[in-house]
Protein chains: 2
Amino acid sequence: MLHDPAQLDLMFQALADPARRQMVDRLSRGPASVSQLAEPLAMSLSAVVQHLNVLEASGLVRSEKLGRVRTCQIEPKALRAAEHWINERRLSWERRLDRLGDFLAQTDDEN
Amino acid sequence: MLHDPAQLDLMFQALADPARRQMVDRLSRGPASVSQLAEPLAMSLSAVVQHLNVLEASGLVRSEKLGRVRTCQIEPKALRAAEHWINERRLSWERRLDRLGDFLAQTDDEN
DNA sequence: GCAATAGTTAAGTGAATGCTTCAGTGTTGA
DNA sequence: TCAACACTGAAGCATTCACTTAACTATTGC
């Protein structure tokens, strides 16, 4: 379900916004409340909540409300899925280059 | 320059679109012309060219025109930069969890 | 030369995005 | 009990996005 293209879509879309990446960055250093996430950002709390909803819908962030404060944390499995997608494509390309290099070296030898 | 936040922004934004990810996927299996990239996509050539421009602006793809055909290929360095950003955050979070685990194990021992 | 090929560019359109403000709701501390 | 706090939700608005069509340019093969 993590490799389902729709989920991948939501994840990359979530990471596309600088404010949301800043929120993920903050959360990578430990859990935070909505207000704490909002603090460094030059926008209304309401806007931050909307970004948070995008992050949660993408699966990148999970949150829980205790009393009046919602505490957010990163979902590393989702991050790993995005990472994995990129890594597979990059490796595929690099392996191709290697094979090409081998081939060229071989045909050089033959001359 | 690859870790410059503006460039990172362009890269994640480029990867956010499923058509563009499909193009990257295709290119990970080897170079392709614009028409070849367009072939599996249910949209006009013009739309594909626009997506390609986004990919090139982000640094993820490089292309060169010979005669009337433009050949595109992946720029693995850029992919690596995006991968790296995610990886750093995920590791930061996971290290935090490990330290927390150690701490809890230690305080358990003390009881 | 001329038609087919491969791509490019510009203009327009409708939907999605990233905000804002404002008016709530539930929680907590004094 | 009541004011401050920490969100939450809806409505509105400007901008950006992902397309489309249509007109165009530059190659290539016959």
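Here goes a summary of the coordinates provided. (Residues numbered from 1 in each chain as written. Chains lettered and ligands numbered in written order. Predicted model: local features only at pLDDT ≥ 70, side-chain atom pairs only at ≥ 80, totals over all residues. Heavy atoms only, no water.)

1. So, the protein's contact with DNA strand D
Consideration 1: Not every one of the 20 residues close to DNA strand D is listed here, only the nearest: S35, S46 and R70 of chain A together with Q50 and H51 of chain B.
Consideration 2: What you see for DNA strand D is that sugar and phosphate hold 67% of its atoms within 4 Å of the protein.
Consideration 3: One of the side-chain N or O atoms of R70 of chain A is found 2.8 Å from a phosphate oxygen in DNA strand D.
Consideration 4: A distance of 2.9 Å separates a base oxygen of DNA strand D from a polar atom in the side chain of R68 of chain B.
Consideration 5: Sorting the residues of the surface near DNA strand D by element identifies α3 (34-38), α4 (45-58) and β3 (69-74) of chain A together with α4 (45-58) of chain B as the ones contributing at least two each.
Consideration 6: Within the surface near DNA strand D, the residues separate by chemical class into 5 nonpolar, 9 polar and 6 charged. (Near = heavy atom within 4 Å. Polar contact = N/O pair within 3.5 Å; in protein donor to acceptor, adjacent residues only side chain to side chain. Helix = DSSP H or I, 4+ residues; strand = E, 2+ residues; numbered from the N terminus. Nonpolar A, V, L, I, M, F, W, Y, C, P; charged D, E, K, R; others polar.)

2. Some points on the packing of helix α1 (residues 5-15) of chain B against α4 of chain B
Residue and element names in this part refer to chain B.
Consideration 1: Their axes nearest at 8 Å, the elements α1 and α4 cross at an angle of 150°. Relative to α4, the crossing made by α1 is left-handed. In this structure, α1 contributes Q7, L10, M11 and A14 to the contact, and α4 contributes V54, L55, A57 and S58.
Consideration 2: Across the contact of α1 with α4, the residue classes tally to 6 nonpolar, 2 polar and no charged. (Axes fitted to C-alpha atoms, helices over the stretch in contact; angles between N-to-C directions. Left-handed = near helix turned anticlockwise from the far one by under 90°. Contact = heavy atoms within 4.5 Å.)

3. Points about the interface of chain B and chain A
Consideration 1: Facing 32 residues of chain B, the contacting portion of chain A comprises 32 residues.
Consideration 2: Carbon and sulfur atoms make up 62% of the surface buried where chain B meets chain A, a total of about 3000 Å² over both sides.
Consideration 3: A per-residue breakdown of the area chain B buries against chain A is headed by R21, E83 and W93 of chain B, which together make up 23% of the total.
Consideration 4: The tally of links between chain B and chain A comes to 8 salt bridges.
Consideration 5: One salt bridge connects R21 of chain B with D9 of chain A, and the closest N-O pair in it is separated by 3.0 Å.
Consideration 6: The tally of links from chain B across to chain A stands at 14 residue pairs in polar contact (both at pLDDT 80 or more).
Consideration 7: It is helix α5 (residues 76-109) of chain B that provides the largest number of residues to the side of chain B that touches chain A, a total of 14 residues. (Buried area = accessible area lost by both parts, 1.4 Å probe. Salt bridge = Lys/Arg side-chain N within 4 Å of Asp/Glu carboxyl O.)

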